[in-house]
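Spelled out from the first residue to the last, the chains are:
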Amino acid sequence: MSYVDGIVAAVPTANRQAFIEHARKAAAVFKEHGALKVVECWGDDVPEGEVTSFPMAVQCQPDESVVFSWLVWPSREVRDQAMARIMEDPRLSPEVNPMPFDGKRLIHGGFAMVIEE
């Protein structure tokens, strides 16, 4: 079954277009290295929680928006091999494609699919 990387980040709302451009460049690299699908979503109905929430998880500030993203891979093995190459790909270096947000507050994880319908 496929494997998924999930990502949540807080992006300055003023950087929306810069984020989209950054994400398009990164998506091309991920797909070249084997990702089946790259999805980037800009939050427009992301409530603040009382105990936990997407905004709380990434310490979202009033001038920021939550971004929720995922990448679909054929398998974890393909993803693990690809990530080693992707981290070395100069097209994703901060000098070439800087992140228009605070990457220290980005959260991510890999997930084994249990249902895909």
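Calculation rules
- Residues numbered from 1 in each chain as written.
- Predicted model: local features only at pLDDT ≥ 70, side-chain atom pairs only at ≥ 80, totals over all residues.
- Heavy atoms only, no water.
- Core = buried A, V, L, I, M, F, W, Y, C linked by side-chain atoms within 4.5 Å.
- Buried < 20%, exposed > 50% of the residue type's maximum accessible area, 1.4 Å probe, protein only.
- Helix = DSSP H or I, 4+ residues; strand = E, 2+ residues; numbered from the N terminus.
- Contact = heavy atoms within 4.5 Å.
- Pairing = 2+ DSSP bridges.
- Axes fitted to C-alpha atoms, helices over the stretch in contact; angles between N-to-C directions.

(A) Spatial organisation of the nonpolar core. Membership of the largest hydrophobic core is limited to 10 residues, which are Tyr3, Ile7, Ala26, Val29, Phe30, Ala35, Leu71, Trp73, Ala82 and Ile86. Among the secondary structure elements, those contributing two or more residues to this core are strand E1 (3-12), helix H1 (16-32), strand E3 (64-73) and helix H3 (76-88). Considering every element that reaches this core, the biggest residue donor is H1, with three residues. Apart from the residues lying within four places of it in its own chain, the contact partners of tyrosine 3 are Leu71, Val72, Trp73, Pro74, Ser75, Arg76, Arg79, Gly110, Phe111 and Ala112. Among the nonpolar cores identified, the runner-up in size contains six residues, and Ala9, Ala23, Val67 and Phe101 belong to it.

(B) Looking closely at the sheet that holds strand E2 (residues 37-42). Within the open sheet, the four strands sit side by side as E2-E3-E1-E4. Their pairing is antiparallel. For this open sheet the edge positions go to E2 and strand E4 (107-112), each flanked by a neighbour on one side alone. For this sheet, the mean angle separating the axes of adjacent strands, direction not counted, is 15°. Pairing between E1 and E3: 10 bridges, direction antiparallel. When the sheet's bridge partners are listed, aspartate 5 is paired in E3 with leucine 71. Relative to the sheet, H1 contacts E1, E2 and E3, its axis offset from that of E2 by approximately 165°.

Geometry only, nothing functional implied.
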